[in-house]
Amino acid sequence: MQFAPLEPKVVLGIAAHPDDLDYGAAGTMAGFAEAGADIHYLILTDGSKGSDNSTISSAELIKIREKEQRQAVKAIGGKGVDFLGYPDAELQITMSLKKDIVRVIRTIKPDVVITMDPSMLYSANRGFINHPDHRAAGQAALDAVFPLARDHLTFPELYADGYEPHKTKTVLLVNFDNNNFIVDISKTFDKKIAALAAHASQVSDIGATEQWLKAMAGKIGGQAGYALGESFMRIDLQ
Ligand SMILES: [Zn+2]
């Protein structure tokens, strides 16, 4: 599929957990930042369950993971990150979640939104069930982009508070298995690894992580003639 070059000025990444966007799209985000775009992250949950360290409390983990995500956003040249703080592993597709996302979309006014592909229920190829938070995050983000952020009569209380309607031009859905759009991350792969290294509570061996990510990025990039790539389903909204 042929697409016009993607040259966003403002990009909003929306994901369930700290580290999701860095695994899926940090190379792409870094490339957009280098080209002059403002990059923002919106993390929907508090990341309070993601640890196998039995001595750590959820409260400690929330603080650690926020700090790690802020460092990762810096590593890719991003501007900032917001946290909605919904409980990890319990994310539900509710109107209040969608309203919280709409508020951020109407504030940041992105021309590109990057989120998880909610149609990804499992990958038999790669042997995993997609985390329910990832699916909920992608679905709520898509619903927020269209139609909820677009119409002033949706959430009139937001409009009354000065949140003007906003139309996002392009959505990129992170999808490792199915794609219609591959971004060349050959030059930004090091920044992606720096972003992932920031998530020290999640990544115990950054060398090993780099190795498997490089192998995967090589396979994905090879589909489009790039040394390293990240893959998406791209939707240009009419
Ligand atoms: Zn996750």
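Throughout this description, residue numbers start from 1 for each chain and increase along the sequence as written. A pLDDT threshold of at least 70 governs which residues receive local features in this predicted model, and a stricter bar of 80 or more applies before side-chain atom pairs are shown or counted, although totals over entire chains, interfaces and linings include all residues. The basis for every side-chain value is the complete set of heavy atoms in the structure, and neither hydrogens nor water enter the calculation.

Novice: Explain unusual backbone geometry to me, and be specific about the residues and the numbers.
Specialist: Where the residue is not glycine, phi is negative for most of them; where a peptide bond is considered, it is trans in most cases. Between Phe-146 and the following residue, Pro-147, the backbone shows a cis peptide bond with an omega angle of 5°. Its identity is not glycine, yet Asp-19 carries a phi of approximately 95°, on the positive side. Note on conventions: DSSP H or I runs of at least 4 residues are helices, E runs of at least 2 residues are strands, and numbering of each starts at the N terminus. Checked against the element boundaries, Asp-19 lands in the loop between β1 (10-15) and α1 (20-34).

Novice: Describe the side chain of Thr-115, and please don't skip the residues or the numbers.
Specialist: As for its position among the elements, Thr-115 is in strand β4 (residues 112-116). Only protein chains enter the calculation, and the probe is 1.4 Å; a residue is then buried if its accessible area is under 20% of its type maximum, exposed if over 50%, and partly exposed in between. By relative accessible area, which is 1% here, Thr-115 ends up buried. Side-chain polar atoms of Thr-115 contact the backbone oxygen of Ile-14, separated by 2.7 Å. Here, two residues are considered to be in contact whenever any of their heavy atoms come within 4.5 Å of each other. Contacts of Thr-115, omitting those with residues within four sequence positions, involve Ile-14, Ala-137, Gly-138, Ala-141, Leu-172, Leu-173 and Val-174. Polar contact is the term for a pair of N or O atoms within 3.5 Å; when the atoms are in protein, one must be able to donate a hydrogen and the other to accept it, and sequence-neighboring residues count only if both atoms are side-chain atoms.

Novice: Could you give an account of helix α6 (residues 189-197), naming the residues involved and the relevant values?
Specialist: Among all positions of α6, only Phe-189, Lys-192, Ile-193, Ala-195 and Leu-196 are buried. Buried residues of α6 fall within an arc of 155° about the axis and therefore sit on the same side. On its buried side, α6 packs onto α1, α2 (58-75), α7 (206-222) and β9 (229-236). The directions considered for the arc run from the helix axis to the C-beta atoms.

Novice: Which residues make up the sheet that holds strand β8 (residues 181-184), and what values go with them?
Specialist: Spatial strand order, β3-β2-β1-β4-β7-β9-β8: seven strands in an open sheet with mixed pairing. In this open sheet, the two edge strands, each paired with only one partner strand, are β3 (80-86) and β8. Between one strand axis and the next, the sheet turns by 25° as a mean value, whatever way the strands run. Note: β1 against strand β2 (residues 38-45), six bridges, orientation parallel. The residue bridging Gly-13 from the neighbouring strand is Tyr-41, located in β2. To get an axis, a line is fitted to the C-alpha atoms, and for a helix only the part in contact is used. The angle between two axes follows their N-to-C directions and goes from 0 to 180 degrees. Across the sheet, helix α4 (residues 132-148) is in contact with β1, β2, β4 and β7 (170-174); its angle to β4 comes to roughly 155°. Two strands qualify as a pair provided DSSP detects at least 2 bridges between them.

Novice: Go over a nonpolar patch on the surface, please, and point to the residues and values.
Specialist: Together, Leu-121, Tyr-122 and Ile-129 make up a nonpolar patch on the protein surface, roughly 360 Å² of accessible area in all. Along the chain, the position of Leu-121 falls in the loop between β4 and β5 (122-123). When its relative accessible area of 44% is taken as the criterion, Leu-121 is described as partly exposed. Only residues above 30% relative accessible area that lack a salt bridge enter a patch, with like-charged residues linked at up to 9 Å and the nonpolar side chains Val, Leu, Ile, Met, Phe, Trp and Tyr linked at up to 5 Å. Computed with a 1.4 Å probe, the accessible areas rest on the Shrake-Rupley method; for each residue, only the protein chains presented here act as cover. By definition, a salt bridge exists where a carboxyl oxygen of Asp or Glu is found within 4 Å of a side-chain nitrogen of Lys or Arg.

Novice: Which residues make up the coordination of the zinc ion, and what are the values?
Specialist: Distances decide who is a donor: an N, O or S atom must be within 2.8 Å of the metal, or within 3.2 Å for Na, K and Ca. Water is not included, so sites may look incomplete. Protein-derived ligands of the zinc ion are His-17 (ND1), Asp-20 (OD) and His-134 (NE2), with the metal-ligand distances lying across 2.0 to 2.2 Å. Within one chain, the residues serving as donors to the zinc ion are arranged as H-x2-D-x113-H. Linking His-17 in the loop between β1 and α1 with His-134 in helix α4, this pair joins segments that are 117 residues apart in sequence.

Novice: So what's going on with empty space enclosed by the protein? Which residues, and what values?
Specialist: Vacant regions in the atomic arrangement are exposed by a probe of water-molecule size rolled over the atoms. We place a 1 Å grid over just the protein atoms. Points where a 1.4 Å probe fits but has no way out form a cavity, open points with protein on both sides within 12 Å along at least 5 of 7 lines form a pocket, and any residue with an atom within 4 Å of a point lines it. Grid points are joined across faces, edges and corners, and a volume is the space filled by probe spheres set on the points. Going through the model one piece at a time under the given rule, you end up with one cavity of 30 Å³ or more. Here the largest cavity defines a volume of roughly 50 Å³. What lines the largest cavity is simply Tyr-23, Gly-24, Phe-176, Lys-192, Leu-213, Met-216, Ala-217, Ile-220, Gly-229, Glu-230 and Ser-231. Of all the secondary structure elements, the ones that give two or more residues to the lining of the largest cavity are α1, α7 and β9.

Novice: Could you give me a rundown of the environment of Lys-79, with the residues and numbers involved?
Specialist: Looking at the element boundaries, Lys-79 is found in the loop between α2 and β3. Here the alpha-carbon distance between Lys-79 and Asp-38, two residues 41 residues apart in the chain, equals 6.1 Å. Residues contacting Lys-79, with those up to four places away along its chain left out, are Asp-38, Ile-39, His-40 and Val-73.

Novice: Would you mind going over the layout of surface pockets in detail, with residue names and values included?
Specialist: The computed volume of the largest pocket comes to approximately 570 Å³. For the largest pocket, the lining is made up of 27 residues, of which Asp-20, Tyr-23, Met-116, His-134 and Phe-176 are closest to its centre. If you list the elements that add at least two residues to the lining of the largest pocket, you get α1, β6 (128-129) and α7. The greatest single-element share of the lining of the largest pocket, amounting to four residues, is contributed by α7.

Novice: Give a description of the packing of α6 against α7 that names residues and reports values.
Specialist: In the contact formed by α6 and α7, the axes pass within 11 Å of each other and the chain directions differ by 140°. Here α6 is positioned oblique relative to α7, judged by the angle of their axes. In this structure, the crossing between α6 and α7 has a hand that is right-handed. From α6, Phe-189, Lys-192, Ile-193, Leu-196 and Ala-197 reach across to α7, where they touch Ile-206, Glu-210, Leu-213, Lys-214 and Ala-217. Ten residue types, Ala, Val, Leu, Ile, Met, Phe, Trp, Tyr, Cys and Pro, are classed as nonpolar, four, Asp, Glu, Lys and Arg, as charged, and the remainder, Gly among them, as polar. Here the residues of the contact of α6 with α7 sort into seven nonpolar, no polar and three charged. For classification purposes, an angle smaller than 35 degrees is called roughly parallel, one larger than 145 roughly antiparallel, one from 65 to 115 roughly perpendicular, and anything else oblique. It is the rotation of the near helix from the far one that decides the hand of a crossing: anticlockwise by less than a right angle makes it left-handed, clockwise makes it right-handed.

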